[in-house]
Amino acid sequence: MEHTPAIAERSSDRQAPSFLEEADDEPPDSSEVLRHPQASSTPPMGKSAKNGLIVRFPVSRTTATNPVSRMFRKRFFPKVSGKLWNDWHWQVAHRIRTAAELTRYIPLLSKDEEQALYQADIRLPLAVTPYYMSLVSPADPDQALRRTVVPVYRELIRTPGEADDPLSEEAQSPVPGLVHRYPDRVLLLALDFCSTYCRYCTRSRVVGHGALHPTRTRLERALTYIESKPEIRDVLLSGGDPFLLGDDRLEWILCRLHRIPHVEIIRIGTKVPAVLPQRITPKLVKMLKRYHPLWMSLHFTHPDECTPESQRACSLLADAGIPLGSQTVLLKGVNDTVDIMKNLVHCLMKMRVRPYYLYQCDPISGSSHFRTPVETGMEIIRGLRGFTSGYAVPTYVVDAPAGGGKIPLMPDYIIGREGRNLVMKNYEGNRYQYPNAFCDPI
Ligand code: SF4
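The written sequence of each chain sets the order in which its residues are numbered from 1. Local features are withheld for residues below a pLDDT of 70 in this predicted model, meaning they are given only at 70 or higher, and side-chain atom pairs are given and counted only at 80 or more; totals for whole chains, interfaces and linings count all residues.

Draft legend 1. Local environment of the confidence of the model for the chain. Residue-level pLDDT values for the chain average 89, and 85% of them are 70 or greater. Low pLDDT, under 50, characterises residues 1-20; the predicted model gives this stretch 2 contacts beyond four residues in sequence or across chains. The quantity called pLDDT is the predictor's confidence in a given residue, expressed from 0 to 100. By the criterion used throughout, residues are in contact when their C-beta atoms, derived from the backbone, lie within 7 Å. Note that residues 37-62 has pLDDT below 50 and, in this model, 27 contacts with residues that lie over four places away or in other chains.

Draft legend 2. Main features of the UniProt feature "binding site: [4Fe-4S] cluster" (unreviewed entry) in the chain. Following the UniProt record, one finds the feature "binding site: [4Fe-4S] cluster" (unreviewed entry) at Cys194, Cys198 and Cys201. Think of it this way: any DSSP run of H or I at least four residues long counts as a helix, any run of E at least two long counts as a strand, and we number them from the N terminus. Summarising the element assignment, cysteine 194 is placed in the loop between strand S2 (185-189) and helix H9 (216-227). Ignoring sequence-local partners within four residues, the contact set of cysteine 194 consists of Val207, Gly208, Gly239, Gly240, Asp241, Leu244 and Lys271. Overall, the presence of 21 C-beta atoms within 10 Å leaves cysteine 201 in the buried class. Sequence-distant contacts of cysteine 201, defined by excluding residues within four places in its chain, comprise Leu124 and Val207. UniProt positions are given in the numbering used here, feature names are shortened, and annotations may be inferred rather than shown by experiment. Three exposure classes are used, all based on how many other C-beta atoms lie within 10 Å of a residue's own C-beta (placed from the backbone): buried at 20 or more, exposed at 12 or fewer, and partly exposed between those limits.

Draft legend 3. Main features of the site of the ligand. In this entry, near means the residue's backbone-placed C-beta atom lies within 6 Å of the molecule or strand. Taken together, Cys194, Tyr197, Cys198, Cys201, Arg203, Val207, Gly239, Gly240, Asp241, Lys271 and His299 make up all the residues around the ligand. Side-chain classes are defined by residue name, with Ala, Val, Leu, Ile, Met, Phe, Trp, Tyr, Cys and Pro counting as nonpolar, Asp, Glu, Lys and Arg as charged, and the others, Gly among them, as polar. The class makeup of the residues in the shell around the ligand is 5 nonpolar, 3 polar and 3 charged.

Draft legend 4. Quick look at the nonpolar core. Tyr132, Val186, Leu188, Tyr197, Val235 and Leu317 are the most contacted members of the largest nonpolar core, which totals 85 residues. Beyond its immediate chain neighbours, meaning those up to four positions away, valine 235 contacts Arg185, Val186, Leu188, Ile226, Leu257, Val263 and Ile266. The term nonpolar core refers to a group of buried residues, namely Ala, Val, Leu, Ile, Met, Phe, Trp, Tyr and Cys, whose C-beta atoms join them within 7 Å.

Draft legend 5. Representation of the packing of helix H14 (residues 338-350) against helix H15 (residues 374-384) within the structure. Angles here are taken between N-to-C directions and fall from 0 to 180 degrees, while the axes themselves are lines fitted to C-alpha atoms, restricted in helices to the stretch in contact. At a closest axis distance of 9 Å, the pairing of H14 and H15 adopts a crossing angle of 60°. Judged by the angle between their axes, H14 and H15 are oblique. At the point where H14 passes H15, the crossing takes the right-handed sense. Residues Val338, Met341, Lys342 and Val345 of H14 form the contact with H15, whose own contacting residues are Ile380, Gly383 and Leu384. Here the residues of the contact of H14 with H15 are counted per class, giving 5 nonpolar, 1 polar and 1 charged. Should an angle fall under 35 degrees it is called roughly parallel, over 145 degrees roughly antiparallel, and 65 to 115 degrees roughly perpendicular, with every other angle called oblique. When the near helix sits turned anticlockwise from the far one by under a right angle, the crossing is termed left-handed; a clockwise turn instead gives a right-handed crossing.

Draft legend 6. Geometry of the pairing of strand S5 (residues 294-298). Of the two faces of S5, the one lined by Leu294, Met296 and Leu298 is fully buried and the one lined by Trp295 and Ser297 carries no buried residue. Where strand S4 (residues 265-270) meets S5, 5 bridges bridge the pair, whose relative direction is parallel. In the sheet register, glycine 269 faces S5, and the bridge partner there is serine 297. Two strands qualify as a pair provided that DSSP identifies no fewer than 2 bridges between them.

Draft legend 7. Fine view of unusual backbone geometry. Along the chain, glycine 239 connects to glycine 240 via a cis peptide bond; the corresponding omega equals 20°. You can see glycine 240 is positioned in the loop between strand S3 (234-238) and helix H10 (247-258). Proline 293 follows histidine 292 through a cis peptide bond whose omega is -5°. In this structure, proline 293 sits in the loop between helix H12 (282-288) and S5. Non-glycine residue arginine 352 carries a positive phi angle of around 65°. Mapping arginine 352 onto the fold places it in the loop between H14 and strand S7 (354-360).

Printed below as a string of structure tokens:
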């Protein structure tokens, strides 16, 4: 018996649609624009070394040094080759860690900075990579990047409502260095070491104090805890900065997590692409690719951090199939305007980093000079939503004190109701009525 397909193939489906047959109006293909780079509507950012064709985001896989950092290297490290400068081990070994070292690059400290640097009881140590220092203004104490890494006296003053551990992470740590706040995910602090210390760090009670080592015993306890909780499907590896571990040690942790059957995804939280982009090497990303699904939360604060070096680092990660999101902390005098934030999110989008969260700065001890009112954050979101791509608008969140978790905050677009209609205003402030579906009272 002849087999009859359940759905007979219609004769018209076998024929090409008629518009494809019109030879004089063929659909375009990419070869034309690639042959004629000037035809591209996107401003070219460089050339592919291989064939001279212009592609959209070509980034050198070897080195890419911005002119400011190059001049800085020539001035302060004239005997250091470009190759050595781009070695992350060299960058870490030559971090600026003392007041005396700092004055070599910033000869005239402000009074506020001087007082802080010569105080013995500053909580968070000073450390800045030479690369990041090259982006810091020696002349302007109010420059955004300088404010984020150079201590000031005000960070010694604790104001009401502030605490060393405002998110109660310690109380939610079943084993040292593991925070279990949400039912299905945990935060694993790999180490307490960072290449550059951010003055507003939520974990300033821990980082840089040498109390949280990546020892086998501690990590085994954390892994055993994760293994014993089948509800944990997502592990965020953070610190300190996990990328300050060598490739082998980092791989040991990733491999162990990857082997736990109920751990579905691993995330890494890092500021390395902004402060030590040299750490993102082809060898590292080759290793990371083995542990998919792997996600990454990067920490960018200001558009000045989006250099060719950072772009190269993000490209290597994105090319390895790692989804990249940025967690940006809202900081007074650093990024608390719509213009700066819009510039930052646009830079991030071009680096293939999705602006993910905008964090209200946590009330850690000595943070009053960094904290803005919550209304500032909402105004920034209002200034982004509708005025730029939806992908570029982060979710603004407050991490609730005492471990309540992240609470999203949105400007209010609902004005009220008229009958069944919802009255709303759009991003331009114009009123619209939406016929809301009727909801039967239960
Ligand atoms: S990189 Fe992260 S953990 Fe390290 S000091 Fe900055 S905010 Fe804190």
